[in-house]
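Listed below, chain by chain, are the residues.
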Amino acid sequence: MRKSSMTTEEDIGLATKRLHPVHPGDVLRHDFMEPLNLTAYRVGKDLSVAAPTLNEIVRSVSRSRQRWPCDSRDNSARVAETG
């Protein structure tokens with residue numbers, strides 16, 4: 001038997017449930033670093049990010065602004081200068 005394509009109130013209730021936010025450092029540590037046995041030094045070196053900076057992210061240390069080499073603000077400033 002085919003399921004109806006109409007949305008039911010039950011479907012809407014499931015869609016509105018919210019998950020708690022997850023810190024990016026938790027995702028990086030639990031989903032990548034631990035299973036692949038990677039260190040902050042190795043990941044930082046491969047991403048061209050200082051190991052202490054990456055370690056702060058993984059440890060969920062909050063800073064006002066983390067600087068990454070691929071920061072979109074840097075690119076937009078260059079575009080505005082050449083535009």
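Each remark here, short or long, concerns the structure printed above.
Since this is a predicted model, take the numbers as computed values, not measurements.

Colleague: Just checking my understanding: could you explain the packing of helix α3 (residues 40-47) against helix α4 (residues 51-58) for this structure?
Modeller: Working note: a packed helix pair is described by the angle between its axes plus the distance between those axes. Viewed as axis vectors pointing N to C, α3 and α4 meet at an angle of 120 degrees, and their least axial separation amounts to 8 Å. Here the hand of the crossing between α3 and α4 comes out right-handed. Judged by residue contacts, Ala40, Tyr41, Val43 and Gly44 of α3 engage Ala51, Leu54 and Asn55 from α4. Looking at side-chain class alone, the contact of α3 with α4 contains five nonpolar, two polar and no charged residues.

Colleague: I keep staring at the pattern of salt bridges and nothing clicks. Help me out?
Modeller: Pairing between side chains of opposite charge can happen when their charged atoms approach one another. What the rule picks out here adds up to two salt bridges. For the salt bridge of aspartate 26 with arginine 29, the shortest nitrogen-to-oxygen distance reads 2.9 Å. With aspartate 26 and arginine 29 both in helix α2 (residues 24-36) and three residues apart, the pair spans about one turn of that helix.

Conventions we followed
- Residues numbered from 1 in each chain as written.
- Predicted model: local features only at pLDDT ≥ 70, side-chain atom pairs only at ≥ 80, totals over all residues.
- Heavy atoms only, no water.
- Axes fitted to C-alpha atoms, helices over the stretch in contact; angles between N-to-C directions.
- Helix = DSSP H or I, 4+ residues; strand = E, 2+ residues; numbered from the N terminus.
- Left-handed = near helix turned anticlockwise from the far one by under 90°.
- Contact = heavy atoms within 4.5 Å.
- Nonpolar A, V, L, I, M, F, W, Y, C, P; charged D, E, K, R; others polar.
- Salt bridge = Lys/Arg side-chain N within 4 Å of Asp/Glu carboxyl O.

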